[in-house]
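Observations on the model geometry
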Amino acid sequence: MTGTPLARRRPARSRRALASVLALVAALVLSSCGGDDLQPSDGGAATSDEAGSSVVDTPELRALKADAGIEDCPRTNRRGAVEGGLPGVLLDCLGGGAPVSLPGLPAQPTVVNIWATWCGPCRDELPHLAQLHAEAGDEVAMLGINYRDPDPAGALRLAKESGVTYPLVSDPDQSVAKGLGVVGLPQTVFVDATGVVVATERTPITSYDQLRSLVREHLGVDLA
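Let me sum up the structure you'll find in this document. Keep in mind that this is a model prediction, so the values were computed, not measured. (Residues numbered from 1 in each chain as written. Predicted model: local features only at pLDDT ≥ 70, side-chain atom pairs only at ≥ 80, totals over all residues. Heavy atoms only, no water.)

The next point concerns unusual backbone geometry. Between L185 and P186 the backbone carries a cis peptide bond, its omega angle lying at 0 degrees. Tracing the sequence through the fold places P186 in the loop between α5 (177–180) and β6 (187–191). Unlike most non-glycine residues, R148 shows phi in positive territory, near 45 degrees. Structurally, R148 can be placed in the loop between β4 (141–147) and α4 (152–162). In this structure, Q174 takes a positive phi of about 60 degrees despite not being glycine. With respect to the helices and strands, Q174 occurs in the loop between β5 (168–171) and α5. (Helix = DSSP H or I, 4+ residues; strand = E, 2+ residues; numbered from the N terminus.)

This next bit is on the environment of V198. Tracing the chain through its elements places V198 in strand β7 (residues 197–201). Taking the C-alpha atoms as reference points, V198 and G85, 113 residues apart in sequence, are found 8.5 Å from one another. Once residues lying within four places of it in the same chain are set aside, the contact partners of V198 are F190, D192, H218 and L219. (Contact = heavy atoms within 4.5 Å.)

Turning our attention to the pattern of salt bridges. Per the counting criterion, the structure on display carries five salt bridges. Across the salt bridge formed by R157 and E60, the nearest N and O atoms sit 3.6 Å from each other. Taken together, the positions of R157 in helix α4 and E60 in helix α2 (residues 59–68) put the pair 97 residues apart, joining distant regions of the chain. Accessibility expressed as a relative area gives 45% for E60, which makes it partly exposed. Its salt-bridge partner being D67, residue K160 comes within 2.5 Å of it at the nearest N-O pair. One end of the pair, K160, is in helix α4; the other, D67, is in helix α2, and 93 residues separate them in sequence. (Salt bridge = Lys/Arg side-chain N within 4 Å of Asp/Glu carboxyl O. Buried < 20%, exposed > 50% of the residue type's maximum accessible area, 1.4 Å probe, protein only.)

In structure tokens form, the structure reads like this:
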């Protein structure tokens, strides 16, 4: 009888089958990856250390927050989410302070900016948001959500460099992703005095004039 014995052919077929399975698995893994604009370099940040304490409230972060002149987070109540409003999420205050219930924010026109240190356009628009707070803080409230950021200390340093002094909260677990429809950063949400989200901007804000126009359009506050 000629040719390779059957006993020798089976391992080759097994190896080919295994290679096909591995290739399929690799393809599935690659196809599941996406949203690169939502991926920090180390894959995200933890919410607490081994002892269970918040990693965004440490002596170092408190000192950085104070040095940047960032305001205390607003006092909020624990009311549930209103229809069409901010999601019922409780977020830690970046750099220490009372946690913030998003639906419980004070009843006034509010601009909520979702940002991270690893987002280039976020860095570029922060000074415009800082200017809005400086010029319209009595008429329009501001809140920054530091989103899936592995570097809270870097976030506070960037806030100082950008002139940001409005309150900042931390969302390392992407708690607001579904409720606010976060698909990329930056994202700016406009909330009216009744707590309803009236508009969402998913493109970078490139000038203060643009931001002022958006506030007038969405919140009815004329800052001219």
